[in-house]
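Observations on the model geometry
Here is what each chain is made of, one letter per residue.
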Amino acid sequence: MTSVSAHRTSSGPHSTTTTSTPAASPWARWSAAWTTQAARITRRADTTVTVTPADGGPPGFSYPATAQIHIDADLIADPTIADPRRPAHRSKAPVAYGVLLHECAHIIHSHWDPPPDLPPVVREVALLLEESRVERRYRDTRPRDRRWLRRATTSIIDPADTPTDTPWSAAYAAGLLLARVDAKILYPADVRTPRRLITKVLGRKRLKGLRDIWREAQTVDDTDAARMVDLAERWCRRLGIDPTTSPGLPADDAATSTIAAAIATTLDAILLHPADTPAPAHGSPRSERPGIRVDTDVPITWAERDPTDAERHAANRLTALLRRARHREPTRTREPSTAPPGRLRTRAAVTLAAQQASGAIPTAQPWQRTVHRRVPDPDLTVGILIDASGSMTAFAKPMSSAAWIVSHAATRAGATTATLAYGDRITVLIPPGRRPTKIRDMRADAGTERFVEACAEADRLLHLSTPGTARLLVVVSDGHYTNPDESQATITRLHHTGCAVLWLAPANNSWPPQVFDHTTIITIDDPTTCIDLIGRATINALNRA
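Please read all numbers here as calculations on a predicted model, not as lab measurements. (Residues numbered from 1 in each chain as written. Predicted model: local features only at pLDDT ≥ 70, side-chain atom pairs only at ≥ 80, totals over all residues. Heavy atoms only, no water.)

1. With respect to the layout of surface pockets
Computed from the structure, the largest pocket encloses a volume of approximately 1,100 Å³. Among the elements of the structure, α2 (94-109), α4 (146-156), α9 (258-272), β9 (380-387), β10 (416-422) and α13 (451-462) are those that each provide at least two residues to the lining of the largest pocket. With 5 residues, α4 is the largest single contributor of residues to the lining of the largest pocket. Tallied by class, the residues present in the lining of the largest pocket amount to 19 nonpolar, 11 polar and 10 charged. (1 Å grid on protein atoms, 1.4 Å probe; cavity = no way out; pocket = protein on both sides within 12 Å on 5 of 7 lines; lining within 4 Å. Points joined across faces, edges and corners; volume = space filled by probe spheres on them. Helix = DSSP H or I, 4+ residues; strand = E, 2+ residues; numbered from the N terminus. Nonpolar A, V, L, I, M, F, W, Y, C, P; charged D, E, K, R; others polar.)

Right under this line is the structure:
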């Protein structure tokens, strides 16, 4: 995340300096589409949005005076992942779209500037309060955009902004997270752990005083700079800071911060649970599946590595196959017309001449032409489940490669994807909305396999059992489970809802793979040499679903 003052850069809020997206840039269509979207939201015709890589800069910033917005293209990663003009494709870049709405909120509501002689500590607090104020004002008029603003917090908020467990950092964290609960952007369950640690540092009485301040700030008018400065000064006094004698920002005097770690965990949970419902506390079992852990913490023994040239080539090949499978040819329909071009129908021409001769209103259409209409490509959702039980030990490296190839190709082909490993517990390796860049070399050493629970978690994340899109579940496993009947029932339920199941089984395993009904099974040894086979099986599975 950037500092909260990212909207007031050194060039000042009234600066007209901007970097436009070159017409040849792959991000030009994103800039154009989001400029149209932002102009409609802000109701300012002069609004411009520039989507370019920030090269380590803030994820987004804006100039309210000139209605200029900059969005970091790295939040999207691949310009071909979605069509920015289509509302349904916002879910393919939810964090970036949320940042866009956050900056639109500043364009609409940030119409005051801190006085130039304001002490730095007061200025920082005033801009901190401005963050939740504009989001609350924005949400009051567009409540359905809450889901996107909630996702944007995973990029806007940076745990590094609270590097210590001092009262200043704890209060700052409260202004970043807890204030957004009162702004109705985050849910109380989202911030349960940070709230406990913040309360431990500040105490209940002081935290209540700070909450009264940010709640009052959320009611301040868009142009009332004096009141925002007054609230910032009250905030400082609550923390025992006198701006007249200590105008600078408090120094960081601690090496570690449990609050920062809690914020990082909170942001990971929000990214993992994209739906407009609160995420459960990190590491806690789900009530509907007691005793089953769903983690975002990947085992430390599962190291990351860069893909090989062969793996990249295989992913590129599968991407092309998936794009070809999604493509729909234009439809051809014949339509009558009153004028050429087209084919003249003699009978209709005679009727038209008779109508004209009798003085009647001409209704005959003597020409017929063929009209080609584009059929939009269907949305695609791909869930990937990796068996990390002990029976897959010899296939650990190929299954890691296969997981990355399928996930990377599906994401580039415009699909919504998520990758999960299942053994004694379920580990979310790649949550929805995140593009895999490195290969995670997994170790298959679990004592059992939680396939049924993994399917349920994948369904919750990707809505695999909900009709309306093309859906595919890719399972990398030998199929030797302790509960084959329950596993078959789960697969059958997905099949009846229209979700295809592609089963990748190891070819060099000592036991032949277990075959389940309603699946397309292929055996592979090296995924990079079997990619055409995987691609054809994927297309066939989708066509039969």
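2. Concerning the packing of aromatic side chains
Two numbers describe a pair of aromatic rings. These are the distance of the centres and the angle of the planes. Counted according to the given criterion, the structure contains 14 aromatic pairs. Where Phe 451 meets Trp 503, the ring centres are 5.7 Å apart and the plane angle is 55 degrees; that geometry is what we call tilted. Highlighted residues: Phe 451 in helix α13 and Trp 503 in strand β14 (residues 499-506), separated in sequence by 52 residues. Relative accessible area serves as the criterion here: at 1%, Phe 451 is assigned to the buried category. For Trp 503, a relative accessible area of 1% corresponds to the buried category. Between Tyr 481 and Phe 516 the ring centres are 6.0 Å apart and the planes differ by 25 degrees, which places this aromatic pair in the stacked class. In this pair, Tyr 481 sits in the loop between β13 (470-476) and α14 (484-496) while Phe 516 sits in the loop between β14 and β15 (520-524), placing the two residues 35 residues apart along the sequence. Given the relative accessible area of 5%, Phe 516 is considered buried. Within the aromatic cluster, the residues linked to one another by ring pairs are Trp 27, Trp 30, Trp 34, Tyr 97 and Trp 148. (Phe/Tyr/Trp six-rings, centres within 6.5 Å; stacked < 30°, edge-to-face > 60°. Buried < 20%, exposed > 50% of the residue type's maximum accessible area, 1.4 Å probe, protein only.)

3. Some details on helix α7 (residues 204-217)
If you check α7, its first and last C-alpha atoms are 20 Å apart, about what 14 residues at 1.5 Å a residue would give, namely 20 Å. Those residues of α7 lying buried are Leu 207, Gly 209, Leu 210, Ile 213, Trp 214 and Ala 217. Looking straight down α7, one finds that the buried residues subtend no more than 155 degrees of arc, so they occupy a single side. Among the exposed residues of α7, those pointing more than 90 degrees away from its buried face are Arg 204, Lys 205 and Lys 208. In this structure, the buried residues of α7 make contact with α3 (120-141), α5 (167-182), α6 (192-202) and α8 (225-238). (Expected span 1.5 Å × (residues − 1). Arc of directions from axis to C-beta. Contact = heavy atoms within 4.5 Å.)

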